[in-house]
Structure formats: structure tokens, C-alpha cells
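# A closer look at the structure
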Amino acid sequence: MFRNLSRLVRYRGLIHSLVARELKARYRGSVLGFLWSFINPLLLLSIYSFIFTTIMPNREPGLQPYALFMLCGILPWTWFAASLTEASGSLIAGGNLIKKVLFPAEVLPLVSVLANMVHFFLALPIVALMLIVYQHWPDAAGLLWLPLVVLVQLVFTSGIALGLAALTVHFRDIRDILANMLMLWFFSTPIIYAWYQKEVLPYRWLFNLNPFTHLAVSYQEILFFYGPYDHWRWLLALGVASIGIFLAGYWLFDRLRDSFAEVV
Amino acid sequence: MTPAIELKDVSKIYRRYSGRKFATLKSALLQRSILRDLSPTETFPALQHVSFTVAPGRTFGVVGPNGSGKSTALKLVAGITKPTSGSVTVNGRVSALIELGAGFHPEISGRENVFINGIMLGLTRREIARRFDEIVGFAELEEFIDAPVKTYSSGMYMRLGFAVAINVDPDVLLVDEVLAVGDEGFTHKCLDKFAEFRRHGKTILLVTHSLGLVERFCDEALWLDSGRVRAHGDPRRVIDAYLAAVEKGEEALLASTTAKALAAVSAPAEGGGESRAESPKVPQPAAPAAAESHAVDERPSRPELQDMFRAVEGRWGSREIEITEVTLLDRAGQPSFVFHSGDAMSVRLKVSAHAPAHDFVFGVSLFNVDGVCCYGTNTFIEEMDPQRLAGDVEVTMAIESLDLVEGTYKLDVAVHTCEGYPYDYHRLLYTFRVKSRTPDVGIYRPHHRWVFSGDVAFKDKR
């Protein structure tokens, strides 16, 4: 397993070009092209803002401007959810490669995660823009934590993506289960509400068990809330756990690897 | 010298997961049977205890019928699948021409696909850039290289895939039947490229159904059958053994065809005596073409003559004289169903006269699958005057040289009176096959040779 894992470094050129291909191919033939990377989150954001500022407003005092607050959680969530959805089908979609070419299969789910990470990066300027528009300045020192949060999310997502991709080869219905699970997961993560709201407090321990809570809160504390970043202990704990999750996902993937060429 | 490819006692057992009843995660979770469900229910051995080595620089051909494990062996060498037991060792960079252009993405341009495909096959970006023009030139796609691959024809797609794979500059090249697709010109180009590989001392492992290719190209051949090695060594000898086995299989098939035809006509014959009541009297000898010229003394010939040409199997006649057995014999006098064009063939009839007879004619005709009578004759046409026939006798028509083109043929045999009254008529009951190395067309292959005068030359065929 660790030998295979170390081979992954050798595939960085391959991963790099596949991610590039993925990004190019996605918007090839569409008029707006890469603009969709901005438009998609903006549309989503406008829907949520309309509902939660106009129809059933969240008047929690610390959460204004609400749209900006929500954006900080939605963007990383979109990265996470899209990665898992794509990764779980990636081996089946790339069946030709696995069956006919000597091809490191683990590259495929990782490409899904990385391609969506690029989309996430491309959407970050929207946050910057809104920070400027609202004159809402986050703590500069806190921003230094941002790369670490991204890294933790990358490792965490990759681990789950690898495990899911391998299992989906054998259980195709994971893709359908996953869509529902992600919906549930989204609402049980403090993205459209704040985790310190009094309604949340009785279930605090449950929220703490949800790994994405700590990622979402980290993004919000760094980008949205005033003051120094103080969720870092949770983040570091999650970072350590993520390494475990990644290794477990990779182990599962490696165990099932030999069956891919036959079952896909 | 370390071998380029070495398989040691390799078995590959495919697992069949299809036996699983409820292939869902949920049910597996509910029944706590994930591990059990992931373990196979049925297995299928694709390769069993296969060992062979290929020395560097050799061209090695693998032949065998469909499902014999050829492609599995290739995938094992390529590393796409792992052997269930045994070991596979390959020294050097491998490139597999298994599925051409397998990694192409339809939406992006040929140029980008060349790079990505090359990287997938183990090249670096710089190496590809260096060979890019050569790749595109080989694929003959200079004009279209910037168009998305989805707009390519299947031939363009394949050419590009081939061009990339071959330019990976492998030490070991694996080829799986890729030459079966593509036009003549491109096939030639590929063969030339293979020849170039050989000259550079590269190792080629070739899986193909084209025995001619193996014979011309390979230094060594391996014959796989049901996952086992049947023969290994000199390509010519391996192919001959393989062809002999294929013929044997065909023989068995033809023998069963004949047995079935016989069984079908003899079953009712035992009860009624006549299997075809509608034609109790066929006045034709077994040589319709010749008979036509004798049609003067045979009034009701027309409808029956039509009948002759209709390919309906059957047996009829009074059985006063009976043909009890029909055997086709090869040159050595062995019963056979498969002959080579130009071989000797004998048709041997065992005939039993229940009472001594003075009026009898033996006839034989050959039909091809289209029902065309290729040849027909009888003893009457050949002006043999019958005198006496009594008891059990053998009648043999010996054909010295069976000058027919390749195909399946059927045989009529008959014994009847000079007038045409049938004693025993066997219609199209016997099937045999003629094989030929020359794919010439028509029915009849006259003995021939080519003579040229002036400045005409042909290349030597290896």
C-alpha cells in the first residue's frame, strides 16, 4: 500500500494534465465557458439570500451581511459535494482506461477532487469582491490559516472520495444514496445558520461530530467574523483525523483495486 | 540473458460477481454480508498454469480460438490485471496496443489528447513535444489535429491512438488484434512499423487470429486453448498443429451434420420404406447436367429436374439394392470430412444387393452450398454396361485431385436402373469441407500456372 502511495507522487504530471483536461472539457462548447465557475455559485447564492433574508430572514445579529456569511460556507461545501459525487462515478466513467490501459486508477477520483478544488479557487474572487463591496474586513493574521483549512479539506475529501469510488464499482447504488446523504449533510452543517445560535446549542456535541462543521466554521471565522481565528484546535484535530481517513480510504481502494478491471 | 517477458506457472481465475442476488450496499449492510458479497460466487479459469518466456528482440505470436485466454495473457503482461497465482515479469518499458485511443477525451482537441494519452502511457511532456510531429505525421492528421476528437472518424481516432502508442518507444510492444481494423494502407504502415521495431531489437508480443501474420512475422508462437498451452515453438509447426486441431473440430462437426442428416431420413424410412412419397420415381441419374442430354427417353423429367436443384435432403428408392454406408476417404485411405484443394478424395459406397441384379447404375454428384451442382457423373454416362451385381460389394469413385475452391460441399449418391428407376437415392446427405490456402473464387480450380514474358517481376513472399 505505501509503495503504491509513493507512486502517486510520480503521477503528478498525469494528474496535472487530467485536471487541466477536465476543466477544459467541462466548459468546451459552452458560450460562457469559465464564467460558469462564477455564475453557478452566484445563482445558488442569490436563491439562498432571497429565501433567508427576505422570505424567512435569519436575524441573528452577528450574521450580517448574511449573503457574505453564507457564501463562506457554500463555496467549500460545493467543492466537497461535487467532488464526492463525481469521484464516486469516476471509476465507472473511466472504465475504458482501467480495463484497456495500464493506468493508476486512484488518479481518477483524485482528479475529480482537484478539478473541483480549482473551481473553488476560481470562485474565491467572488468572496473578495463581496468583502470589498460590504467593506467587511477580516482579520489579516487569520487569513494565513486559510491555506491550512484548504489543505485539511483536500486530504479529508480525497480520503472519502477514494473509498467511495472503490465501493461504487461494486455497489452502484452508492451514487443515489450519496445524493441524499449530501443533502442531509448540508443541512446538518452550520452553513446557512451559525453554529453558535441558541437553537443549535443543545445539539452542539452532535455538530462537533460532523467533520464538515469544523471546516465550515473555520472558513467563516477566517473570512467573515471579526477577530482572531480561534477554532484552530478543532481544525488541527480534524487535520490529523483526515490523514487517518485518507489512509483508510486509500487502503480500501488498494484492497479492491484488482477487482476494478474485472467488475467495471 | 534476462528474458523480456517471463510467465511462470501463471493462472488467472476470473470471478463472476453476477451470482450475487441483491447487489446493493443497503442489503449488504442489512445482512452484514459486505465481505461475503465481495467474495466471488463463481469462478472461471481464463489461464491455467501457463509458463513461457520471450527473449529480448523476439517477436512472439499467440494464437488460439476465441475464449482461449489470449487477451487475458496480454493483459497480464501489460499489468492491467494481476495473476491469481504464478508470476509475471516484464523487463523494460511496455506499451500495449490493446484498445487504441482508450484514454481520449472526445471534447478536447487531438493535440491535447496526444499529450494526455502520451503521459498516460508514461512519456513526459517534453518527450511528447519532441515526437509530436512524428506522431501526427504517422496518423496523417496534420489538418485535423486541433479539432476536437469527437469530430474524428473512427479510422482517424484509431490512427491517432496507434501513433501515440507506437511512439512511446517501448522495449516491449503488446499488440492485440489491432490490425484487424483499419484500411489496407494503414495496416501496411503498422506492419512496416513493427518490422522497424524488430530491426531495433525490440520485443513484440502479438495476439492475433491472422495465422498468416504469425507465420510471416513471428520467431516463436504459442498456441493457447481453454487457458492452457497446447504448443509452443516454431511458428510454422505450432500453426500446423493448431490448424490440424481446428480441422479435427470441423471434422467432428461435419460428422455430426452427416449423422443428423442420415438419422432424419432413415427414421421414417424404417416404417414406410420410402421417406419421400411425393417423388417415388426419380428418373434422373445422379448427373443432372448429363442427364439433360438424355432427356429424350425420359418424359416426366422436368418437374423432377427442378426438384434435383432444390437443396432438400432426403432418401428414397425401392431398396432392392441398398447403399448401406458412404465414406469419404483421404489420400491415405482414412475416413475424413475435411480435404485440401488438390487432394485426392475417394467416395466409397458399401452396396448390398438383396437379389442379384442386371440393371444398375452408380452415380455421384457434388453440390456446393449454393446448391450448384459442381460435378455429377454415373457409370451409365461413362458407358459402363451393367452385367451382374450380387451380395455385398464396395464401389469407390476415386478423385485424384479435388480441384474445388474452399467451401462446404454436399454429396448425392445413388444406385438406380439405366431407365432411372431408383433403388436407393441419397440426396445431399453427406457433407464435406474443402480447405485452401488460396482465397480464390468460383467453384472449380483448374490446374494452372502463370507464365510471364518481358520485364515482369514479383517480390518474394517471405
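The structure displayed is predicted, hence computed values, not measured ones.

Okay, the overall build of chain A next. When you go through chain A residue by residue, the secondary structure sums to twelve helices and zero strands. Helices (α) and strands (β) of chain A occur, in sequence order from the N terminus, as α-α-α-α-α-α-α-α-α-α-α-α. With 264 residues in all, chain A has 39% of them scored as buried. Pairs at least 24 apart in sequence give 81% of the contacts found in chain A among residues at least 6 apart.

Turning next to the overall build of chain B. From N to C terminus, chain B includes eleven helices and 18 strands. Of the contacts formed within chain B by residues at least 6 apart in sequence, a portion of 76% connects residues at least 24 apart.

Here we come to the interface of chain B and chain A. The interface of chain B with chain A comprises 27 residues on the first partner and 24 residues on the second. Those elements that provide at least two residues to the side of chain B that touches chain A are strand 1 (5–16) and helix 4 (110–120) of chain B. With five residues, the single largest contributor to the side of chain B that touches chain A is helix 4 of chain B. A breakdown of the residues in the side of chain B that touches chain A according to their chemical character gives 15 nonpolar, six polar and six charged.

Let us now look at the sheet that holds strand 8 (residues 220–225) of chain B. Residue and element names in this part refer to chain B. Ordered in space as 5-6-7-3-8-9, the six strands form an open sheet in which the pairing is mixed. Two strands lie at the open edges of the sheet, namely strand 5 (94–97) and strand 9 (228–233), each paired on one side alone. With direction set aside, neighbouring strand axes in the sheet form an average angle of 15 degrees.

Bringing the nonpolar core into the picture now. Grouped together as the largest cluster of nonpolar side chains are 138 residues, with contacts concentrated most on V111 and A165 of chain A together with V77, L97, L174, L205 and L206 of chain B. If you tally residues by element for this core, the top one is helix 4 (residues 66–93) of chain A, at 15 residues. If sequence neighbours within four positions are ignored, V77 of chain B has contacts with I5, V88, V90, L174 and L205 of chain B. In terms of nonpolar packing, the next biggest core, distinct from the first, is built from 34 residues, A261, I321, M345 and F380 of chain B among them.

This part takes up the sheet that holds strand 16 (residues 389–399) of chain B. All names here are of chain B. Across the sheet, which stays open at both edges, the three strands sit in the order 11-13-16 with antiparallel pairing between neighbours. The sheet is open, and its two edges are formed by strand 11 (321–329) and strand 16, each paired on a single side. Averaged over all pairs of adjacent strands, the angle between strand axes in this sheet comes to 15 degrees, irrespective of strand direction. As judged from the eight bridges shared by strand 11 and strand 13 (residues 345–357), these two strands associate in the antiparallel manner. If you follow I321 over to strand 13, its bridge partner there is A353.

Regions with low pLDDT should not have their predicted coordinates read in detail. Residue and element names in this part refer to chain B. Within chain B, residue pLDDT values average 81, and 82% of them lie at 70 or more. Every residue in residues 269–311 scores below 50 in pLDDT, and together they form 71 contacts with partners more than four places removed in sequence or on other chains. Interface confidence in the predicted complex, given as ipTM, is 0.74; pTM for the same model is 0.69.

Residues and elements named next belong to chain B. One non-glycine residue, E140, adopts positive backbone phi at about 60 degrees. Tracing the backbone through its elements, the reader meets E140 in the loop between helix 5 (125–139) and helix 6 (154–166). A residue is classified by how many C-beta atoms lie within 10 Å of it, and E140, with 16 of them, is partly exposed. Phi is positive for S226, which is not a glycine, with a value near 50 degrees. By the element assignment, S226 lies in the loop between strand 8 and strand 9. Residue classification places S226 among the partly exposed residues on the basis of 14 C-beta atoms within 10 Å.

The rules we used
Residues numbered from 1 in each chain as written. Chains lettered and ligands numbered in written order. Predicted model: local features only at pLDDT ≥ 70, side-chain atom pairs only at ≥ 80, totals over all residues. Helix = DSSP H or I, 4+ residues; strand = E, 2+ residues; numbered from the N terminus. Buried ≥ 20, exposed ≤ 12 C-beta atoms within 10 Å, placed from the backbone. Contact = placed C-beta atoms within 7 Å. Nonpolar A, V, L, I, M, F, W, Y, C, P; charged D, E, K, R; others polar. Pairing = 2+ DSSP bridges. Axes fitted to C-alpha atoms, helices over the stretch in contact; angles between N-to-C directions. Core = buried A, V, L, I, M, F, W, Y, C linked by C-beta atoms within 7 Å. pLDDT = per-residue confidence, 0-100.

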